[in-house]
Amino acid sequence: MSSRGTTVDDSCLSAFQELRSKREINTVIYRLNEPLDTVVVESEANLTHEEMLESLPANEPRFVAYALCFATADGARRSDLVMIFWIPDGALPAHKLAYSSAYGVLRDLFDGIQVDVRATTLSDLAYNELVSQAV
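Rules used throughout
Residues numbered from 1 in each chain as written. Predicted model: local features only at pLDDT ≥ 70, side-chain atom pairs only at ≥ 80, totals over all residues. Heavy atoms only, no water. Helix = DSSP H or I, 4+ residues; strand = E, 2+ residues; numbered from the N terminus. Buried < 20%, exposed > 50% of the residue type's maximum accessible area, 1.4 Å probe, protein only. Polar contact = N/O pair within 3.5 Å; in protein donor to acceptor, adjacent residues only side chain to side chain. Contact = heavy atoms within 4.5 Å. Pairing = 2+ DSSP bridges. Phe/Tyr/Trp six-rings, centres within 6.5 Å; stacked < 30°, edge-to-face > 60°. Expected span 1.5 Å × (residues − 1). Arc of directions from axis to C-beta.

## Some details on the side chain of Asp-80
1) Next: Relative to the helices and strands, Asp-80 resides in strand β6 (residues 77–86).
2) Next: The class of Asp-80 is buried, set by a relative accessible area of 5%.
3) Next: A distance of 2.7 Å separates the side chain of Asp-80 from the side chain of Arg-78, its partner in a polar contact.
4) Next: Dropping the residues within four chain positions of it, Asp-80 is found in contact with Tyr-66, Ala-67, Leu-68, Phe-70, Gln-114, Val-115 and Ala-134.

## A closer look at the side chain of Arg-62
1) Next: As for its position among the elements, Arg-62 is in strand β5 (residues 62–71).
2) Next: Residue classification places Arg-62 among the buried residues on the basis of a relative accessible area of 7%.
3) Next: There is a polar contact of 3.0 Å between the side chain of Arg-62 and the side chain of Glu-42.
4) Next: At 3.1 Å, the side chain of Arg-62 forms a polar contact with the side chain of Glu-60.

## Some remarks on the pairing of strand β3 (residues 27–32)
1) Next: Burial of β3 is extensive: five of the six residues sit out of reach of the surface.
2) Next: Where β3 lies against strand β4 (residues 38–45), six bridges are found, and the strand directions are antiparallel. Bridging from a neighbouring strand, Ile-29 pairs with Ser-43 of β4.
3) Next: Here β3 runs beside β5; their pairing, made up of four bridges, is antiparallel. Its bridge partner being in β5, Val-28 is matched across the sheet by Ala-65.

## Comments concerning the packing of aromatic side chains
1) Next: Enumeration over the complete set of coordinates arrives at six aromatic pairs.
2) Next: Note on Phe-16 and Phe-110: the rings are 4.1 Å apart at their centroids and 5 degrees apart in plane angle, and the pair reads as stacked. On the criterion of sequence distance, the pair formed by Phe-16 in helix α1 (residues 10–21) and Phe-110 in the loop between α3 (93–109) and β7 (115–119) is long-range, its members being 94 residues apart. One exposure class covers both Phe-16 and Phe-110, and it is buried.
3) Next: Here the aromatic rings of Phe-85 and Tyr-103 are separated by 4.9 Å at their centres, their planes lie at 10 degrees, and the arrangement is stacked. Note that Phe-85 is positioned in strand β6 and Tyr-103 in helix α3, a separation of 18 residues in sequence. Grouping residues by exposure puts Phe-85 and Tyr-103 together as buried.
4) Next: Each member of the aromatic cluster is reached from another via a ring pair, and the members are Phe-63, Phe-85, Tyr-99 and Tyr-103.

## Here's the deal with α1
Helical periodicity: at 3.6 residues per turn, an α-helix aligns residues three or four positions apart in one direction.
1) Next: Relative to the 16 Å expected for 12 residues at 1.5 Å per residue, α1 spans 17 Å between its end C-alpha atoms, a close match to the ideal helical length.
2) Next: Every buried residue of α1 is listed here: Cys-12, Ala-15, Phe-16 and Leu-19. Buried residues of α1, seen end-on, are gathered within an arc of 100 degrees and therefore sit on one face of the element. Those residues of α1 that are exposed and angled more than 90 degrees off the buried face are Asp-10 and Ser-21.

This is the structure we're talking about:
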């Protein structure tokens, strides 16, 4: 699949569908390949929130599809699909540009995302911060 000069590897959509339909994984991390023209799956895992944060590189962008589980104010358990665009301040300008272009392409392919988050620091991705955006 291709658009705007960025290709999305078929495995990306397959991994997202697995995240949506199964409970074995709650996190899919995506990255651009070395020529920065194709989105690929970096990892699929069942991670705690803290582990997901630790998996993000300090100075490289990533895309993360994440099943955020939380309780609402009335005590109901909920799980929302969150799409995270991790774009740390220390990333190279060329990477920021390529990832920004690719984000729209990837986001258009994913159906069922309830929350979109653009994060430049880990504090942007604090559990309570994500929950506040989901409710």
